[in-house]
Amino acid sequence: EVGVKGGLNITTQTTKGSAENVNSNYKAGYHAGVFGNFFFNKKMAGQLEIMISQKGSKWSDPYFSGKDNLCYIDIPILFRFQIIDLISVHAGPQFSFMTRANSIPDSGDKVDAKSYYNTTDVGIAIGAEVSLPLRFSIAVRYIEGLSVTTNNTYYIDQWKNRVIQVSVTFTILSKSLDKSAS
(Lines give C-alpha, C1' and ligand atoms only; values in the text may rest on other atoms or scores of the structure.)
Protein backbone atom coordinates (compact mmCIF):
# COMPACT_ATOMS: atom_id res chain seq x y z
CA GLU A 1 0.00 0.00 0.00
CA VAL A 2 1.08 3.58 -0.65
CA GLY A 3 -0.80 6.63 0.58
CA VAL A 4 -0.91 10.03 2.21
CA LYS A 5 -1.67 11.02 5.78
CA GLY A 6 -2.09 14.08 7.91
CA GLY A 7 -3.57 15.25 11.15
CA LEU A 8 -3.17 16.72 14.59
CA ASN A 9 -0.10 16.61 16.85
CA ILE A 10 -0.57 17.25 20.55
CA THR A 11 2.97 17.78 21.87
CA THR A 12 4.97 18.70 24.92
CA GLN A 13 8.52 18.44 26.21
CA THR A 14 9.49 16.59 29.39
CA THR A 15 12.55 16.50 31.64
CA LYS A 16 13.80 14.52 34.60
CA GLY A 17 16.14 17.40 35.40
CA SER A 18 15.97 19.97 38.15
CA ALA A 19 13.54 22.26 36.31
CA GLU A 20 11.08 22.33 39.21
CA ASN A 21 10.08 25.89 38.39
CA VAL A 22 9.34 25.18 34.72
CA ASN A 23 5.81 24.26 33.79
CA SER A 24 5.60 22.55 30.38
CA ASN A 25 2.18 22.10 28.79
CA TYR A 26 0.81 20.55 25.62
CA LYS A 27 0.37 22.51 22.40
CA ALA A 28 -1.29 21.69 19.10
CA GLY A 29 0.47 21.27 15.76
CA TYR A 30 0.10 19.26 12.59
CA HIS A 31 1.77 16.46 10.67
CA ALA A 32 1.49 15.52 6.99
CA GLY A 33 3.29 13.11 4.72
CA VAL A 34 3.34 9.82 2.85
CA PHE A 35 3.43 6.18 3.92
CA GLY A 36 4.13 2.79 2.42
CA ASN A 37 3.23 -0.66 3.73
CA PHE A 38 4.81 -3.91 2.65
CA PHE A 39 2.79 -6.92 3.78
CA PHE A 40 4.79 -10.06 4.55
CA ASN A 41 1.51 -11.97 4.86
CA LYS A 42 -2.13 -11.06 5.60
CA LYS A 43 -1.38 -10.22 9.25
CA MET A 44 2.10 -8.64 9.33
CA ALA A 45 3.64 -5.71 7.50
CA GLY A 46 6.45 -3.20 7.62
CA GLN A 47 5.42 0.45 7.42
CA LEU A 48 7.65 3.38 6.45
CA GLU A 49 6.50 7.00 6.67
CA ILE A 50 8.04 10.36 5.84
CA MET A 51 6.28 13.36 7.38
CA ILE A 52 6.72 16.98 8.27
CA SER A 53 5.72 17.36 11.90
CA GLN A 54 5.27 20.26 14.33
CA LYS A 55 6.33 19.68 17.94
CA GLY A 56 7.26 21.76 20.98
CA SER A 57 5.48 22.97 24.09
CA LYS A 58 3.93 25.87 25.91
CA TRP A 59 6.02 26.72 28.95
CA SER A 60 6.34 29.07 31.88
CA ASP A 61 8.86 29.64 34.65
CA PRO A 62 9.18 32.39 37.27
CA TYR A 63 10.75 34.76 34.70
CA PHE A 64 9.22 34.00 31.29
CA SER A 65 6.37 32.24 29.55
CA GLY A 66 5.76 31.37 25.93
CA LYS A 67 6.04 28.48 23.54
CA ASP A 68 8.67 26.65 21.53
CA ASN A 69 7.58 25.76 18.00
CA LEU A 70 9.71 23.01 16.51
CA CYS A 71 9.48 21.48 13.04
CA TYR A 72 10.89 18.07 12.13
CA ILE A 73 11.05 15.62 9.27
CA ASP A 74 9.88 12.38 10.94
CA ILE A 75 10.72 8.94 9.59
CA PRO A 76 8.93 6.18 11.55
CA ILE A 77 9.90 2.59 10.69
CA LEU A 78 7.11 0.45 12.08
CA PHE A 79 6.08 -3.16 12.46
CA ARG A 80 2.36 -3.48 11.77
CA PHE A 81 0.12 -6.34 12.93
CA GLN A 82 -3.40 -6.72 11.55
CA ILE A 83 -5.56 -7.84 14.51
CA ILE A 84 -8.67 -8.16 12.33
CA ASP A 85 -9.44 -6.85 8.83
CA LEU A 86 -10.42 -3.42 10.14
CA ILE A 87 -7.98 -2.90 13.02
CA SER A 88 -4.17 -2.93 13.11
CA VAL A 89 -1.56 -2.01 15.73
CA HIS A 90 1.93 -0.76 15.02
CA ALA A 91 5.17 0.00 16.87
CA GLY A 92 8.76 0.87 16.11
CA PRO A 93 11.45 3.53 16.17
CA GLN A 94 11.04 7.04 14.82
CA PHE A 95 13.97 9.10 13.57
CA SER A 96 13.47 12.88 13.37
CA PHE A 97 15.52 15.68 11.84
CA MET A 98 14.92 19.29 12.89
CA THR A 99 14.26 21.82 10.16
CA ARG A 100 13.20 24.84 12.24
CA ALA A 101 12.89 25.97 15.88
CA ASN A 102 11.41 29.18 17.23
CA SER A 103 10.88 30.33 20.78
CA ILE A 104 8.03 32.81 21.17
CA PRO A 105 7.87 34.51 24.59
CA ASP A 106 4.43 35.82 25.56
CA SER A 107 5.98 39.25 26.05
CA GLY A 108 8.23 39.47 23.02
CA ASP A 109 9.15 38.72 19.46
CA LYS A 110 9.87 35.33 17.94
CA VAL A 111 13.47 34.16 18.45
CA ASP A 112 15.30 31.64 16.24
CA ALA A 113 15.97 28.82 18.71
CA LYS A 114 17.55 26.23 16.41
CA SER A 115 20.92 26.65 18.18
CA TYR A 116 19.22 25.64 21.47
CA TYR A 117 18.32 22.20 20.11
CA ASN A 118 20.06 19.11 18.78
CA THR A 119 19.25 18.52 15.12
CA THR A 120 18.20 14.88 15.55
CA ASP A 121 15.67 13.11 17.74
CA VAL A 122 14.94 9.41 18.23
CA GLY A 123 11.73 8.11 19.72
CA ILE A 124 9.57 5.02 20.01
CA ALA A 125 6.10 5.02 18.43
CA ILE A 126 3.13 2.84 19.28
CA GLY A 127 -0.38 3.12 17.91
CA ALA A 128 -3.49 1.66 16.33
CA GLU A 129 -5.38 2.20 13.10
CA VAL A 130 -8.98 1.59 12.08
CA SER A 131 -9.75 1.05 8.39
CA LEU A 132 -12.80 2.88 7.03
CA PRO A 133 -14.60 2.60 3.67
CA LEU A 134 -13.20 4.19 0.50
CA ARG A 135 -9.52 3.58 1.43
CA PHE A 136 -9.59 5.95 4.43
CA SER A 137 -8.27 5.11 7.91
CA ILE A 138 -8.01 6.83 11.26
CA ALA A 139 -4.85 6.27 13.30
CA VAL A 140 -3.87 7.22 16.85
CA ARG A 141 -0.22 7.11 17.90
CA TYR A 142 1.90 7.91 20.95
CA ILE A 143 5.58 8.84 20.47
CA GLU A 144 7.94 8.98 23.44
CA GLY A 145 11.24 10.74 22.84
CA LEU A 146 14.25 8.63 23.78
CA SER A 147 17.00 11.11 22.95
CA VAL A 148 17.68 14.52 24.46
CA THR A 149 16.51 17.25 22.09
CA THR A 150 18.00 20.27 23.87
CA ASN A 151 21.64 21.21 24.21
CA ASN A 152 23.19 23.27 26.99
CA THR A 153 23.33 26.50 24.97
CA TYR A 154 20.12 27.73 26.58
CA TYR A 155 18.50 24.85 28.45
CA ILE A 156 20.26 23.53 31.54
CA ASP A 157 18.06 20.45 31.84
CA GLN A 158 17.74 17.72 29.24
CA TRP A 159 14.35 17.88 27.51
CA LYS A 160 12.68 15.21 25.37
CA ASN A 161 9.73 15.36 22.98
CA ARG A 162 6.40 13.63 23.68
CA VAL A 163 3.72 13.48 20.97
CA ILE A 164 0.16 12.21 20.60
CA GLN A 165 -0.92 12.01 16.94
CA VAL A 166 -4.36 11.62 15.42
CA SER A 167 -4.18 10.99 11.67
CA VAL A 168 -6.44 10.49 8.71
CA THR A 169 -4.86 8.35 6.01
CA PHE A 170 -5.84 7.75 2.40
CA THR A 171 -4.47 4.75 0.51
CA ILE A 172 -3.70 5.73 -3.09
CA LEU A 173 -2.35 2.39 -4.28
CA SER A 174 -3.14 -1.04 -2.84
CA LYS A 175 -2.22 -4.50 -4.05
CA SER A 176 -3.96 -7.48 -2.46
CA LEU A 177 -1.98 -10.46 -1.16
CA ASP A 178 -4.87 -12.70 -2.26
CA LYS A 179 -4.02 -13.55 -5.88
CA SER A 180 -7.63 -14.68 -6.53
CA ALA A 181 -8.78 -11.11 -5.85
CA SER A 182 -6.80 -9.79 -8.84
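Preceding block: the structure.
This structure is a prediction, so every number in the text was calculated from the model and none was measured.

### Structural notes on the packing of aromatic side chains
Turning to step 1, where the next piece is worked out: Summed over the entire model, instances satisfying the criterion amount to two aromatic pairs.
Turning to step 2, where the next piece is worked out: Look at Phe38 and Phe40: their rings are 5.5 Å apart centre to centre, the planes differ by 75°, and that puts the pair in the edge-to-face class.
Turning to step 3, where the next piece is worked out: Phe38 gets classed as exposed once you look at its relative accessible area, which sits at 56%.
Turning to step 4, where the next piece is worked out: Residue class for Phe40 comes out exposed when judged on its relative accessible area of 53%.
Turning to step 5, where the next piece is worked out: Ring geometry for Phe136 against Phe170: centres 5.0 Å apart, planes inclined by 50°, an arrangement best described as tilted. Taken together, the residues Phe136 in strand 9 (residues 136–145) and Phe170 in strand 10 (residues 159–173) connect sequence positions 34 residues apart.
Turning to step 6, where the next piece is worked out: Using a relative accessible area of 35% as the deciding quantity, one classes Phe136 as partly exposed.
Turning to step 7, where the next piece is worked out: Between Lys55 and the ring centre of Tyr72, over which it is positioned, the NZ or CZ distance is 4.5 Å.

### A look at the pairing of strand 8 (residues 120–131)
Turning to step 1, where the next piece is worked out: The sheet contact formed by strand 6 (residues 87–105) and strand 8 spans eleven bridges and is antiparallel. Among the inter-strand pairings, Gln94 is bridged to a residue of strand 8, identified as Gly123.
Turning to step 2, where the next piece is worked out: The loop that links strand 8 with its antiparallel partner strand 9 comprises four residues; one of these, Leu134, has a positive phi angle of about 65°.

### Thoughts on unusual backbone geometry
Most peptide bonds take the trans form, and the phi angle of most residues other than glycine is negative.
Turning to step 1, where the next piece is worked out: The backbone phi angle of Leu134 is positive, close to 65°, even though this residue is not glycine.
Turning to step 2, where the next piece is worked out: Phi angles above zero are rare outside glycine, and Arg135 is one such case at about 70°.
Turning to step 3, where the next piece is worked out: When you line up the elements, Arg135 lands in the loop between strand 8 and strand 9.
Turning to step 4, where the next piece is worked out: Since its relative accessible area comes to 43%, Arg135 is described here as partly exposed.

Rules behind the numbers
Residues numbered from 1 in each chain as written. Predicted model: local features only at pLDDT ≥ 70, side-chain atom pairs only at ≥ 80, totals over all residues. Heavy atoms only, no water. Phe/Tyr/Trp six-rings, centres within 6.5 Å; stacked < 30°, edge-to-face > 60°. Buried < 20%, exposed > 50% of the residue type's maximum accessible area, 1.4 Å probe, protein only. Helix = DSSP H or I, 4+ residues; strand = E, 2+ residues; numbered from the N terminus. Lys NZ or Arg CZ within 6 Å of the ring centre and 35° of its normal. Pairing = 2+ DSSP bridges.

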